[in-house]
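Coordinate inspection notes
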Amino acid sequence: MCSTESKPTSPDPALLLELKTRRPPSLLDLAGCETWSVDFSPDGAWFAWSMGHGIVWVVAWPLDSEEGQDGETDREDKSFSCGHPVWGLAFGPRPPRSAAAAPPTKPSQGSKGKSTLLLATGLENGVIKVWNVLTGNAVFDLHGHEGVVRNLFFPQNGSLTLVSSSRDKTLRVWDLARKGKNVQVLSGHKDWISCCCVSSDCSMIASVGRFDRMVCLWSLRSYTFIRNLTGGTNKKLCLLSSCDFSPDGAVLATAAFSGSSWWIDLWDPYTAEKLATLADYFEDYGQNQISAIQFSPDGLHLAIVTDDRALRIWEPGERHMAMQTKRDGDSSGLCCNYHPQGGVIATGTRDGHVRFWRTPRTVPSLCHLCRSIMRYSVSTHQIEALPLPKRILEYLTYRNIPERLKTCCSSDEEDWES
């Protein structure tokens, strides 16, 4: 029923290639064709996308890669028929940050000697199906959600923990080592949950409600509610669509849409302080709803996908986009995901296709690297307790972003000038 083709040529120089889904004419332009979710495996060797009509396609990355040197790894394309439309998917388990920075290794071995790269798929009927990618077999199903499973996330700690969010207004934390028998239910949202994400130190879960205008933080250690960042004071009618933690966990970005304008808020998850609002400085960009946002693996950029299929990449603190693709009104953009090593980002669209884009590569400054390492394990409250000069404190807590936007600073080094 479905096959794919690559299209490497395009008038947009940033476009590397496009995967298109071939369907019978009777299925073209019908609901159910959407690519709601895309993901790269933790080592970057596999790519998966929900290509519509309950089918998930998995391909080896890069697309021209051949069989592994040991000849044991099956690098053929794989197709998983889930029986219902797929809204969310995620590879796992994801190794800890220190291991993720190391060169890719062979997937871990299960008890029977088989590699255990898993793919979790969230279905429209509330079921989560878990697959063994390398064998192509369904492992087990997770039941509990009573609505569309919109988002799935494996924490970056190497465990078999899976976090899911649903239109039934709940999040669930599953222990796949016990086949989901020990599940934690997190309740508090008043309407659909659009998106969820987990901080890099695996201490917090963030979730945004589609219509309830709530940005909630939860403890992944005690499975309890921490706070609502909007504090119930956001009276403006808006839709919250996406969220993502920075790689060091010190900043949470949330995307919202109202009427004909969109904006992105940057929050300090430890203090609930709003650090900056992107729309305050980009009035001419607010014409299309944001579908998804994601920080780059190095934390230097934030990818923004809007419903005009355009991909924009912003460097926090700059008053211009680092990259912006050409508009394409033929199909709406729905999702995005960076390759673990950066340099490439995949975007999915409403017509079931996937595009791969070349993203800006910037050499991180020494200031940025030091801040990232420090903030990975040190909270804002701990930073504030240190006897540091004001400018260094503002830099380490990201409170320098609004000032950089106003003064148009172009590099981290300028922040240290007196």
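Being a predicted model, the structure only gives us computed values, none of them experimental.

1. Side note on the pairing of strand S10 (residues 137–142)
The sheet contact formed by strand S9 (residues 128–132) and S10 spans five bridges and is antiparallel. Bridging from a neighbouring strand, Asn132 pairs with Asn137 of S10. Between S9 and S10, which pair antiparallel one after the other, the connecting turn spans four residues, and Gly136 there sits at a positive phi close to 80 degrees.

2. A short note on the packing of aromatic side chains
All told, the structure shown has ten aromatic pairs when counted by the stated rule. Geometrically, the ring pair formed by Phe47 and Phe356 is edge-to-face, given 4.9 Å between the ring centres and 65 degrees between the ring planes. Linking Phe47 in strand S4 (residues 46–52) with Phe356 in strand S29 (residues 354–358), this pair joins segments that are 309 residues apart in sequence. Relative accessible area serves as the criterion here: at 0%, Phe356 is assigned to the buried category. Look at Phe80 and Trp131: their rings are 4.8 Å apart centre to centre, the planes differ by 10 degrees, and that puts the pair in the stacked class.

3. Quick word on the sheet that holds strand S19 (residues 239–245)
Strand order in this open sheet of four strands is S19-S20-S21-S22, and the pairing throughout is antiparallel. Two strands in the sheet have a free side with no partner beyond their single neighbour: S19 and strand S22 (273–277). Strand-to-strand twist across the sheet, computed as the mean angle between neighbouring axes with direction ignored, equals 25 degrees. Here six bridges tie S19 to strand S20 (residues 252–258), and the two strands are oriented antiparallel to one another. Note that in S20 the partner of Asp244 across the bridge is Ala253.

4. A closer look at the pattern of salt bridges
Using the criterion set out here, one finds six salt bridges in the structure. Linking Arg399 and Glu273 is a salt bridge whose minimum nitrogen-to-oxygen distance equals 3.0 Å. Of this pair, Arg399 sits in the loop between helix H4 (390–396) and helix H5 (401–407) while Glu273 is found in strand S22, placing the two residues 126 residues apart along the sequence. A salt bridge links Arg399 to Glu384, with the nearest nitrogen and oxygen atoms 2.5 Å apart.

5. Regarding the pairing of strand S17 (residues 215–219)
Burial analysis of S17 places five of its five residues in the buried class, which makes it a mostly covered element. Pairing of strand S16 (residues 204–209) with S17, which is carried by five bridges, proceeds in the antiparallel orientation. Its bridge partner being in S17, Met204 is matched across the sheet by Ser219. Turn length for the S16-S17 hairpin, with the two strands adjacent in sequence and antiparallel, is five residues, and the turn residue Arg213 shows positive phi of about 60 degrees. Sheet topology note: the S17/strand S18 (residues 225–228) ladder contains three bridges and is antiparallel. Of the residues in S18, the one forming a bridge with Cys216 is Asn228. Following S17, the chain reverses through five residues before pairing antiparallel with S18; Tyr223 in that reversal takes a positive phi of roughly 55 degrees.

6. Notes on unusual backbone geometry
Going from Trp61 to Pro62, the amide bond is cis rather than trans, its omega being -5 degrees. Of note, Pro62 is situated in the loop between strand S5 (55–60) and strand S6 (78–81). Going from Gly92 to Pro93, the amide bond is cis rather than trans, its omega being -5 degrees. Its place among the elements puts Pro93 in the loop between strand S7 (86–92) and helix H1 (97–100). Phi is positive for Cys202, close to 65 degrees, though the residue is something other than glycine. Checked against the element boundaries, Cys202 lands in the loop between strand S15 (193–198) and S16. On the accessibility criterion, Cys202 (9% relative accessible area) is buried. Backbone geometry places Arg213, a non-glycine residue, at a positive phi of 60 degrees. Checked against the element boundaries, Arg213 lands in the loop between S16 and S17.

7. Things to note about the nonpolar core
Core analysis: the biggest nonpolar cluster contains 21 residues, and Ile264, Leu266, Ile293, Ile304 and Trp314 have the highest contact counts within it. Those elements that place two or more of their residues in this core are S20, strand S21 (261–268), S22, strand S23 (290–295), strand S24 (302–306) and H5. Filtering out sequence-adjacent residues up to four positions away, Ile304 remains in contact with Trp262, Ile264, Leu278, Ile290, Ala292, Ile293, Ala310, Leu311, Arg312, Trp314 and Met321.

8. Notes on the state of the cysteines
Taken as a whole and judged by the stated rule, the model has zero disulfides. The closest cysteine sulfur to the non-disulfide-bonded Cys336 is located on Cys335, 7.2 Å from its own sulfur.

Reading the values: rules and limits
Residues numbered from 1 in each chain as written. Predicted model: local features only at pLDDT ≥ 70, side-chain atom pairs only at ≥ 80, totals over all residues. Heavy atoms only, no water. Pairing = 2+ DSSP bridges. Helix = DSSP H or I, 4+ residues; strand = E, 2+ residues; numbered from the N terminus. Phe/Tyr/Trp six-rings, centres within 6.5 Å; stacked < 30°, edge-to-face > 60°. Buried < 20%, exposed > 50% of the residue type's maximum accessible area, 1.4 Å probe, protein only. Axes fitted to C-alpha atoms, helices over the stretch in contact; angles between N-to-C directions. Salt bridge = Lys/Arg side-chain N within 4 Å of Asp/Glu carboxyl O. Core = buried A, V, L, I, M, F, W, Y, C linked by side-chain atoms within 4.5 Å. Contact = heavy atoms within 4.5 Å. Disulfide = S-S within 2.5 Å.

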